[in-house]
Amino acid sequence: MKLIKILAAIGVVVLLLFIFVFNFSTVESRFQCPGEISSKDGSRPVTAFVKLVKYRWWVGLWSESDAAMHIEIPNTDVDYFGNVKIIGDHYQVFDAEKNLKGNYSTLSKTLAIKLHIGFFDGTCKRSD
């Protein structure tokens, strides 16, 4: 009977730990980034909407990435980058093959990144 109580207590602790890790492993920020998209057809002004999901330190125990980035240009393009490294004040964004695609600076609030439809360059403002 004592063993069942000990196993039940361990199960509750593991469940609570799992709930904590699941609910508190990320910090989400949203940005609105007016800028310009350049492609072989020229350049044009666009506004990109960015969701940056920063992972807490303990996620590094099982993941190589420090963050993830979702980028949407309404009615045009949606991109997801699951491999983002934080280096100082910069978020370096990589594709699935670990090729550098661009970066976001927390100092200047600029985003410069290669998307499917061209190269985006703009300045971001928080929109949470």
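Before reading on, note that the structure itself is shown above.
Treat the numbers as computed from the prediction; the structure is a model and nothing was measured.

Novice: How would you sum up the packing of aromatic side chains? Please name residues and give values.
Specialist: By convention here, two paired aromatic rings are described through the distance between centres and the angle between planes. Per the counting criterion, the structure on display carries two aromatic pairs. Consider the rings of F31 and Y104, whose centres lie 5.4 Å apart with planes at 50 degrees: the pair is tilted. Of this pair, F31 sits in strand β1 (residues 26-39) while Y104 is found in strand β6 (residues 100-105), placing the two residues 73 residues apart along the sequence. Assessed through its relative accessible area of 4%, Y104 is described here as buried. Each member of the aromatic cluster is reached from another via a ring pair, and the members are F31, Y91 and Y104.

Novice: How would you explain the nonpolar core if you had to name every residue and give the values?
Specialist: Ranked by size, the top nonpolar core spans 21 residues in total, and within it M69, I71, L111, I113, L115 and F120 carry the most contacts. Looking at this core, the elements that each hand over two or more residues are β1, β2 (42-55), β3 (67-73), β4 (77-87), β5 (90-94) and β7 (110-115). Those residues within four positions of M69 in sequence are excluded, and the remaining contacts are V50, K51, L52, D79, Y80, F81, V84, V93, Y104 and L111.

Novice: Before we move on, can you summarise the side chain of S105 with the specific residues and values?
Specialist: The topology assignment puts S105 in strand β6. Within polar-contact distance, the side chain of S105 engages the backbone nitrogen of S108 at 3.2 Å. For S105, the residues in contact, after removing those within four places along its chain, are D89, H90 and T110.

Novice: Residue-level account of the layout of surface pockets, with values.
Specialist: Of the pockets and cavities examined, the largest pocket occupies roughly 170 Å³. Forming the boundary of the largest pocket are V27, S29, F31, L52, K54, Y91, Y104, T106, K109 and R126. Sorting the residues of the lining of the largest pocket by element identifies β1 and β2 as the ones contributing at least two each. Top contributing element to the lining of the largest pocket by residue count: β1, with three residues.

Cut-offs and rules
- Residues numbered from 1 in each chain as written.
- Predicted model: local features only at pLDDT ≥ 70, side-chain atom pairs only at ≥ 80, totals over all residues.
- Heavy atoms only, no water.
- Phe/Tyr/Trp six-rings, centres within 6.5 Å; stacked < 30°, edge-to-face > 60°.
- Helix = DSSP H or I, 4+ residues; strand = E, 2+ residues; numbered from the N terminus.
- Buried < 20%, exposed > 50% of the residue type's maximum accessible area, 1.4 Å probe, protein only.
- Core = buried A, V, L, I, M, F, W, Y, C linked by side-chain atoms within 4.5 Å.
- Contact = heavy atoms within 4.5 Å.
- Polar contact = N/O pair within 3.5 Å; in protein donor to acceptor, adjacent residues only side chain to side chain.
- 1 Å grid on protein atoms, 1.4 Å probe; cavity = no way out; pocket = protein on both sides within 12 Å on 5 of 7 lines; lining within 4 Å.
- Points joined across faces, edges and corners; volume = space filled by probe spheres on them.

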